[in-house]
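# Chain and residue survey
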Amino acid sequence: AMSFRYDQIDGDMAFGELGIEGDTGDVDVAIISYGNGAYLSRQALARLRESGGRYRLIDLRWLAPMDIPRLLDALEGAGSCLIVDECRRSGSPSEGLMAGLLEQGFSKRLRRLTAEDSFIPLGPASYTVLPSVTTIVDAAHDLLEATDDA
């Protein structure tokens, strides 16, 4: 259910501006997403914060060009990063994001949650291959439990 009322928009949004929600300063996990992934991540963020810990959501809002230096600034203080991408695992924006972050020196734990490399079924069956609130929460918890040696 993606139907909801949007807040009144006041003013303009600068090209490439990120949407940043959640905790400021040091956070356990920063979640990067866009589109429906950001919508689902926003719901997951609420559930994660109920279970303790500090979390931040970074809504890309723009996919091209990807402003990696601006994204690195938004990741400041994050202990780890989860990229939520509802595109298929192969050939998705998350591949470029991961490469860009690593090439520009991001050295914290970094994982991505994507759709499966498959046809995306219609209706409720789509949730068998796409990220969901539950899989986002689980992936964030798994990232917290991961060690740097894994």
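Structural data are supplied above this passage.
In this report, the structure presented in the accompanying data block is examined.

What counts and how
Residues numbered from 1 in each chain as written. Predicted model: local features only at pLDDT ≥ 70, side-chain atom pairs only at ≥ 80, totals over all residues. Heavy atoms only, no water. Core = buried A, V, L, I, M, F, W, Y, C linked by side-chain atoms within 4.5 Å. Buried < 20%, exposed > 50% of the residue type's maximum accessible area, 1.4 Å probe, protein only. Helix = DSSP H or I, 4+ residues; strand = E, 2+ residues; numbered from the N terminus. Contact = heavy atoms within 4.5 Å. 1 Å grid on protein atoms, 1.4 Å probe; cavity = no way out; pocket = protein on both sides within 12 Å on 5 of 7 lines; lining within 4 Å. Points joined across faces, edges and corners; volume = space filled by probe spheres on them. Nonpolar A, V, L, I, M, F, W, Y, C, P; charged D, E, K, R; others polar. Pairing = 2+ DSSP bridges. Axes fitted to C-alpha atoms, helices over the stretch in contact; angles between N-to-C directions.

Ranked by internal contacts, the top residues of the largest apolar core, which has 20 residues, are Ile32, Ile58, Leu71, Leu75, Ile83 and Leu101. Elements supplying a minimum of two residues to this core: strand E2 (29-33), helix H2 (68-74), strand E4 (80-88) and helix H3 (93-103). Examining the composition of this core, we find that four residues originate from one element, H2, more than from any other. Look past the residues within four positions of Ile32 in its chain and what remains in contact with it is Ile58, Leu60, Leu71, Leu75, Cys81, Leu82, Ile83, Val84, Leu97 and Leu101.

Evaluation of the coordinates by the stated rule reveals one cavity of 30 Å³ or more. When its volume is computed, the largest cavity comes out at roughly 90 Å³. Lining of the largest cavity is provided by Gly16, Leu18, Leu60, Trp62, Pro65, Met66, Asp67, Ile68, Arg70, Leu71 and Leu97. Of the residues forming the lining of the largest cavity, the biggest block, three residues, is contributed by H2. In terms of residue class, the lining of the largest cavity is made up of eight nonpolar, one polar and two charged.

We now examine the sheet that holds strand E3 (residues 55-59). Adjacent strands of a sheet pair through backbone hydrogen bonds, lying either parallel or antiparallel. The strand order across the open sheet formed by five strands is E1-E3-E2-E4-E5, and the pairing between neighbours is mixed. Because the sheet does not close on itself, it has two edges, and the strands there are strand E1 (19-22) and strand E5 (109-115). Taken pair by pair, the neighbouring strands of this sheet meet at an average axis angle of 20 degrees, ignoring direction. Sheet topology note: the E2/E3 ladder contains five bridges and is parallel. Within E3, the residue paired with Ser33 across the bridge is Asp59.

Geometric values such as these leave the question of function open.
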